[in-house]
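Given next are the chains, with one letter for each unit.
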Amino acid sequence: MSTTPRDAHFPVAHLRPPHNWVNDPNGLVFHDGHYHVSYQYNPYGATHANMHWGHFRSPDLLTWEPLPIALSPTPGGVDSDGCFSGNAVSDGDRIVAFYSAHREDRSFQHQPVTCAVSHDGGQTFSPREETVIPVWPEGCTMYRDPYVWRDVDGWRMLVGAALADGRAATLLYDSPDLETWAYRGPFVARHPEPIGGTEELTGDGWECPQYLPAAGGQAALIFSTWTEPTGPMRVAALIGEEHDGHFKAGAPVWADHGPDCYAPALLRAPGGRWLLWGWSWEARDQAWAVAGGWAGVLTVPREIHVGGDGTLRQRPATELLALRGERTVQAEGATHGPEPVELGSVGRAFDLTARLEPTGTAGLRLLTTPDGSEYLDIRLDPDAGELVVDRYHASLDTRAHGGAYRMPCPTGQPVDLRVVVDHSIAEVFLTSTGQVLTLRFYPTGQGAWRLQARTAPGTRFRYAVDAWELHPLVIKTPTAGAAEQY
Ligand code: FRU
């Protein structure tokens, strides 16, 4: 009898089905005591095609139950070539999912809005035969991805768009009953401009807009930037205030500073809490992922809010603390280098907290081969005032992508980090600022992984590091109806 070895890069504490392609989180809604998470899913392979909505639900963000596929293209129907992205709302005993109806005989850039309704807690959805919003406003060169939310006196919807005058936009609609929608004009429309003081631009069009309404402070509009000819790029946000259907905001900021987070989506949880999941795509050659039979993973759920200082702040959902197992690293000390300090071993999935106080460049190294030739670096660059996550040496396999990525980091004070690593994904949270950087990496080493504190010569580096083993999510055995689709 042969057993297939587990794929060394397959995450265990991050949500995704066992096989096939996954992209955007969709239809995030809390309904009848459960968090529902759908996602763009190709049930037939590990490439982007045949988009369905796969579906999980959970009472606690830790134990997940695969439900039958929520949305499937209807042959000959308005969505015959794909149920593209959108969200869902809980309305009494129903879940109403709004999504982009894809047909290849329409322009790829234009997907009208349609919807499907579930009366049985998400076990089955009945798609509407006609689209909800069949035509896009004049002058739209791109149109897709509805986001619906309940407002004081009805419902509102944003749709991602690009306009013929070169501005990217989100378009605003409202409805008294989720059935009849009136177009109110662009909520925001802006020419490409730099994000977060970097050289990267907000793009030609915006996909998957998400709205985090103000809770006493400012509101946030989160969007995924899309540019010709590359397509999907990065995730950004505008922080501001709505005035009469128009969102007034300052300069765009990053919603995630890493290269591998896209199309993040919001869930309004009980008690005024907002959660966000992103799609973390593969950062390796496509043939490698296809050979493994899977691609894409959702980030951990993150609590998100706009702070009193007007910044977008994220951290892992509190529930994830329950996934912590044995503490394998507990190290505190100071070094001047040049020799690295061994901090201890970690498993392939771990949750780490660190307080770092360097006087110059210093940081943590995750070594993934016994000889130390393969490693992921997380270091502070006080001169630049940045935290750097460097994956140039994170895989000995040349099919893995390299690069070093940065996020601003106040220096001259202790820096608090929380890092969640799970086989091939690292989410680095800068606790002091609430900023986050997501990236994928593909270690090849067979032995134990270990952590080091490292510092440039002449730099004094104080550190306190704790790391816990991260238990897998509990994925329940799917019911017969759900099992055949996964
Ligand atoms: C974003 C996106 C959406 C679209 C979906 C298709 O990643 O391109 O705009 O609805 O994915 O899978």
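Everything numeric in this text was worked out from a predicted model, so none of it was measured.

1. Section: the overall build of the protein
Counting secondary structure elements, the protein contains two helices and 36 strands. Taken against the 2.2 N^0.38 rule, which gives 23 Å for 486 residues, the C-alpha radius of gyration of the protein at 22 Å falls within 12% of a compact globule. Looking at the protein as a whole, 48% of its 486 residues are labelled buried. Here the analysis covers contacts within the protein between residues at least 6 apart in sequence; of these, 56% occur between residues at least 24 apart.

2. A word on the sheet that holds strand 20 (residues 294-295)
The sheet built from six strands is open, its strands ordered 20-1-2-3-4-36 with mixed pairing. Among the strands making up the open sheet, the edge pair consists of strand 20 and strand 36 (474-475). As paired elements, strand 2 (residues 34-42) and strand 3 (residues 52-58) share seven bridges and run antiparallel to each other. Along strand 3, the bridge assignment pairs glutamine 40 with tryptophan 53.

3. As for the site of the ligand
Taken together, 14 residues are adjacent to the ligand, and Gln40, Phe84, Ser85, Glu207 and Ala263 come closest. Contributing elements (two or more residues each) for the shell around the ligand: strand 1 (20-31), strand 5 (82-91), strand 9 (140-151), strand 13 (205-212) and strand 18 (262-268). Its residues placed into classes, the shell around the ligand shows six nonpolar, four polar and four charged.

4. Considerations on the pairing of strand 6 (residues 94-102)
Summarising burial for strand 6: eight of the nine residues are buried, a large majority. Sheet topology note: the strand 5/strand 6 ladder contains eight bridges and is antiparallel. Each bridged residue has a counterpart across the sheet, and for glycine 82 the counterpart in strand 6 is histidine 102. Across six bridges, the pairing between strand 6 and strand 7 (residues 113-118) is antiparallel. Within strand 7, the position partnered with tyrosine 99 by the bridge is threonine 114.

5. Quick look at the domain arrangement of the protein
Partitioning the protein into domains gives domain 1 (20-316) and domain 2 (320-470). One C-alpha centre belongs to domain 1, the other to domain 2; they are set 31 Å apart. With 23 residues of domain 1 in contact, the opposing surface of domain 2 contributes 24 residues. Of all the secondary structure elements, the ones that give two or more residues to the side of domain 1 that touches domain 2 are strand 19 (274-280) and strand 23 (312-316). It is strand 23 that contributes the most residues to the side of domain 1 that touches domain 2, four residues altogether. Looking at the side of domain 1 that touches domain 2 residue by residue, the classes come out as eight nonpolar, eight polar and seven charged.

6. Observations concerning the environment of arginine 418
One can find arginine 418 in strand 31 (residues 415-422). A count of 17 C-beta atoms within 10 Å places arginine 418 in the partly exposed class. Excluding residues that lie within four positions of it along the chain, arginine 418 makes contacts with Arg315, Pro316, Thr353, Phe429 and Thr431.

7. Re the environment of phenylalanine 108
For phenylalanine 108, the position within the fold is in the loop between strand 6 and strand 7. For the pair phenylalanine 108 and tryptophan 279, spaced 171 residues apart in the sequence, the C-alpha separation amounts to 21 Å.

8. Details of unusual backbone geometry
Trans peptide bonds make up the majority, and among non-glycine residues the majority have a negative phi. The step from glutamate 228 to proline 229 runs through a cis peptide bond, and the omega angle for that step is -5 degrees. Structurally, the position occupied by proline 229 is in the loop between strand 14 (219-227) and strand 15 (231-243). Cis rather than trans, the peptide bond between glycine 337 and proline 338 has omega equal to -5 degrees. The phi dihedral of asparagine 20 falls on the positive side, at around 80 degrees, and the residue is not glycine. Tracing the backbone through its elements, the reader meets asparagine 20 in strand 1. Even without a glycine there, the phi angle at leucine 61 is positive, about 70 degrees. Within the element layout of this structure, leucine 61 appears in the loop between strand 3 and strand 4 (63-66). Under the C-beta neighbour-count criterion, leucine 61 is labelled buried, with 20 such atoms within 10 Å.

9. Notes on the pairing of strand 34 (residues 449-455)
Most of strand 34 is tucked away: five of the seven residues are buried. Of the pairings in the sheet, the one linking strand 25 (residues 341-346) to strand 34 comprises five bridges and is antiparallel in character. Residue pairing across strands places valine 346 opposite tryptophan 449, the latter belonging to strand 34. The sheet contact formed by strand 27 (residues 362-367) and strand 34 spans six bridges and is antiparallel. Each residue of the ladder has a partner; that of arginine 365, found in strand 34, is glutamine 452.

10. Brief notes about the nonpolar core
Grouped together as the largest cluster of nonpolar side chains are 145 residues, with contacts concentrated most on Ala97, Met157, Ala161, Leu221, Ala237 and Val428. A total of seven residues in this core trace back to one element, the largest contributor, which is strand 10 (residues 154-163). Dropping the residues within four chain positions of it, alanine 161 is found in contact with Cys140, Met142, Tyr143, Ala169, Thr170, Leu171, Gly205 and Trp206.

11. Section: the sheet that holds strand 35 (residues 461-470)
Across the sheet, six strands lie side by side as 24-35-26-31-32-33; this open sheet has antiparallel pairing. With partners counted over all chains shown, the strands left at the sheet margins are strand 24 (324-335) and strand 33 (435-440), one partner each. Across the sheet, the axes of successive neighbouring strands diverge by a mean angle of 15 degrees, strand direction being ignored.

What counts and what doesn't
- Residues numbered from 1 in each chain as written.
- Predicted model: local features only at pLDDT ≥ 70, side-chain atom pairs only at ≥ 80, totals over all residues.
- Helix = DSSP H or I, 4+ residues; strand = E, 2+ residues; numbered from the N terminus.
- Rg over C-alpha atoms; globule rule 2.2 N^0.38 Å.
- Buried ≥ 20, exposed ≤ 12 C-beta atoms within 10 Å, placed from the backbone.
- Contact = placed C-beta atoms within 7 Å.
- Pairing = 2+ DSSP bridges.
- Near = placed C-beta within 6 Å.
- Nonpolar A, V, L, I, M, F, W, Y, C, P; charged D, E, K, R; others polar.
- Domains from an automatic or database assignment.
- Core = buried A, V, L, I, M, F, W, Y, C linked by C-beta atoms within 7 Å.
- Axes fitted to C-alpha atoms, helices over the stretch in contact; angles between N-to-C directions.

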